[in-house]
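Understanding the architecture of this molecule
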Amino acid sequence: MGKRGRSSYFQLSTMMFLELFVNGCTIPILSLYLKDYLHFTGTQIGWILATSAVSSIISPVLNAFIADRLISAERLLAISHFAGAAVMMVFTVQKDFVPVLLLYMVYWSIIGPTFALTAAITFHHSADAAKSFGGIRLWGTLGWFASAWAISFLWVRFGSGDLRIALHVAVISSVILGIYSLFLPVGLARKNEKIVLLPIDSIKVLLQPEVLSISILSLVITFVDRFYIFGAAPFIKSFGFSENSVMPILSIGQIPEILGLAVLGYFLKRFPLKKILLAGVLFEIIRFAIFFSETSGAILFAGIAFHGLTYAYFFIPAMIFLDSRSDKYSRAGAHQLSAMLNGGIGSFAGNLLAGFAADFSRLPGESSIYYPLFWAIPMVLSVSGFIGVMLLIKDHHLRPGEKVLREEPAVESGIV
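Overview of the structure.

Conventions adopted
- The numbering scheme is per chain: residues are counted from 1 as the chain's sequence reads.
- Residues qualify for local features only when their pLDDT is at least 70, as the model is predicted, and side-chain atom pairs are given and counted only at 80 or more; totals for whole chains, interfaces and linings, by contrast, use all residues.
- Think of the side-chain values as coming from all heavy atoms in the structure, minus any hydrogens and water.
- Within this scheme a cavity is a closed region of a 1 Å grid, computed over the protein atoms alone, that accommodates a 1.4 Å probe without allowing it to escape, whereas a pocket is open but has protein on both sides within 12 Å along at least five of seven lines; lining residues each have an atom within 4 Å of a point.
- Grid points are joined across faces, edges and corners, and a volume is the space filled by probe spheres set on the points.
- What counts as a helix is a DSSP run of H or I of at least four residues, what counts as a strand is a run of E of at least two, and both are numbered from the N terminus.
- Under the convention adopted here, Pro, Cys and the residues Ala, Val, Leu, Ile, Met, Phe, Trp and Tyr are nonpolar, Asp, Glu, Lys and Arg are charged, and Gly plus all remaining residues are polar.
- For Phe, Tyr and Trp, rings pair up if their centres lie within 6.5 Å, where Trp contributes its six-membered ring, and each pair is then called stacked (planes under 30 degrees apart), edge-to-face (over 60) or tilted (otherwise).
- Accessible area is worked out with a 1.4 Å probe on protein chains only. A residue is then buried under 20% of its type maximum, exposed over 50%, and partly exposed in between.
- Think of it as a cone above the ring: NZ of Lys or CZ of Arg counts as a charge over the ring if it is within 6 Å of the ring centre and within 35 degrees of the ring normal.
- Whenever Lys or Arg places a side-chain nitrogen within 4 Å of a carboxyl oxygen from Asp or Glu, that contact is recorded as a salt bridge.
- Lines fitted to C-alpha atoms define the axes here, with helix axes fitted over just the stretch in contact, and angles between the N-to-C directions of these axes take values from 0 to 180 degrees.
- Left-handed is the label given to a crossing in which the near helix is rotated counterclockwise from the far helix by less than a right angle, and right-handed is the label when the rotation is clockwise.
- It only takes one pair of heavy atoms within 4.5 Å for two residues to be counted as in contact.

So, about empty space enclosed by the protein. The full count for this structure, using the stated rule, is 4 cavities of 30 Å³ or more. Quantified by volume, the second largest cavity comes out at close to 120 Å³. Residue lining of the second largest cavity: 13 residues in total, with Pro28, Trp144, Tyr228, Leu250 and Gln254 positioned closest to the centre. Listing elements by their share of the lining of the second largest cavity, those giving two or more residues are α7 (129-158), α10 (209-237) and α11 (246-250). Of the residues assigned to the lining of the second largest cavity, the class counts are 8 nonpolar, 5 polar and no charged.

Structure (structure tokens):
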């Protein structure tokens with residue numbers, strides 16, 4: 001890797017670190033914050049988390065049209081994080097259900113698409129995505145891990161038992177990433193190109209049979225993964241752990257993810273995509289089986305660890321496969337449309353059902369959730385996802401796109 005290559009790797013890795021640091025401040029503990037500090041019911045929490053998915057159905061479509069068409073993905077990332085920081089600051093002072101519901105929906109309308117934007121930016125500047133993306137994305141996992149421990153330290157050192165400190169750190173981090181994004185070189189600029197109403201090239205990519213199959217399966221796994229996001233923090237607390245230890249405990253899931261991403265490129269070169277995806281879903285099944293058994297101690301921590309392996313060996317390979325079927329013009333839009341399916345429809349259904357399941361799983365006369373019943377639902381659905389991969393995915397190695405949708409003059413600049 002030459003000097004220019006090392007520079008781009010550092011820039012993209014820093015961007016990923018900050019992106020996941022921002023979201024690591026809110027996603028793991030939000031359900032606990034809503035439950036214990038705002039005293040919302042499980043159904044109310046489910047609706048709040050589900051609104052993030054509703055917004056994710058609409059905003060990625062808009063971003064697919066905007067990103068690299070009206071404005072570069074890099075500059076759109078900056079604008080999104082500045083706006084997201086402002087909305088989150090207002091969110092932290094709300095206590096009533098309706099304002100919290102609406103503000104969280106607005107927040108995710110802005111922040112949700114940035115996951116796909118950072119992926120698209122990385123792929124724009126990666127010569128060999130299958131080889132380099134896992135290593136760059138690893139820094140995002142380190143960012144998520146760092147946010148858990150940074151917030152835990154700040155809580156113990158300066159906090160007063162208020163989970164809002166995590167939300168305030170998210171605000172500051174978004175501002176930092178917004179500023180940083182302004183200095184990222186633009187990866188793709190179009191010249192004399194007619195702007196169409198819909199991202200047709202990106203839609204064509206998503207409608208390719210294999211891409212569509214993996215997108216549907218990703219939706220199913222996203223669906224069940226929402227149960228983990230919803231239930232993990234209160235589940236950990238139910239074992240008697242203190243609130244300021246919940247995020248560090250949940251960060252155990254990022255340790256194997258870091259290791260898994262570090263060697264992902266090796267496995268992608270040597271094993272068929274189908275086997276890697278099956279391994280990713282199998283980790284999901286094992287995790288929910290452990291939670292279903294309500295085993296404490298080392299086994300519980302092992303269940304949390306499987307969360308990171310699922311992400312590293314299912315969602316990341318699926319994302320790389322999508323990119324391998326895209327060209328430089330369809331890339332940003334294709335990732336945004338995929339985010340609409342997973343972060344939108346999958347998250348909406350998963351969050352909503354998780355909220356209903358939390359209330360349904362309470363035993364008569366009890367206020368706490370009966371977790372074996374709660375975790376049984378995503379465990380069964382994960383098995384259906386495993387069967388889907390077996391039946392729908394071909395047993396071949398990940399390879400570059402078979403064709404380029406079009407080749408038109410464009411100006412390439414920045415980090416390559």
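Let us keep going from here.
Glancing now at the packing of aromatic side chains. Tallied over the entire structure, the rule returns 26 aromatic pairs. With centroids separated by 6.1 Å and ring planes inclined at 35 degrees, the aromatic side chains of Phe230 and Phe374 adopt a geometry described as tilted. With Phe230 in helix α10 and Phe374 in helix α17 (residues 371-392), this residue pair connects regions lying 144 residues apart in the sequence. Each member of the pair, Phe230 together with Phe374, is buried. Relative to Phe301, the ring of Phe241 has its centre 6.2 Å away and its plane inclined at 45 degrees; by these criteria the two rings are tilted. Here Phe241 is found in the loop between α10 and α11, whereas its partner Phe301 is found in helix α15 (residues 298-324), with 60 residues between them in sequence. The class for Phe241 is partly exposed, based on a relative accessible area of 27%. Aromatic ring contacts, followed pair by pair, group Phe227, Tyr228, Phe230, Phe235, Phe239, Phe288, Phe291, Tyr371, Phe374 and Trp375 into a single cluster. A cation over an aromatic ring shows up here: Arg287 above the ring of Tyr228, its NZ or CZ 4.4 Å from the ring centre.

Let's shift gears to the pattern of salt bridges. One pass over the structure, following the stated rule, counts 3 salt bridges. As a salt-bridge pair, Arg226 and Asp225 come within 4.0 Å of each other at their nearest N and O atoms. When its relative accessible area of 19% is taken as the criterion, Arg226 is described as buried. Residue classification places Asp225 among the buried residues on the basis of a relative accessible area of 6%. Residues Glu284 and Arg287 are paired through a salt bridge, measuring 1.7 Å at the closest nitrogen-oxygen approach. Highlighted residues: Glu284 and Arg287, both in helix α14 (residues 273-293), separated by 3 residues, approximately one helical turn. Both residues of the pair, Glu284 and Arg287, count as buried. Through salt bridges with shared partners, a single network forms among Asp225, Arg226, Glu284 and Arg287.

A few words now on the packing of helix α12 (residues 254-262) against α15. In contact at an axis separation of 6 Å, α12 and α15 are set at 35 degrees when each is read in the N-to-C sense. In this structure, α12 meets α15 at a crossing whose hand is right-handed. The residues of α15 that touch α12, namely those facing Gln254, Pro256, Glu257, Gly260 and Leu261, are Ala305, His307, Gly308, Leu309, Tyr311, Ala312, Tyr313 and Ile316. The class makeup of the residues in the contact of α12 with α15 is 8 nonpolar, 4 polar and 1 charged.

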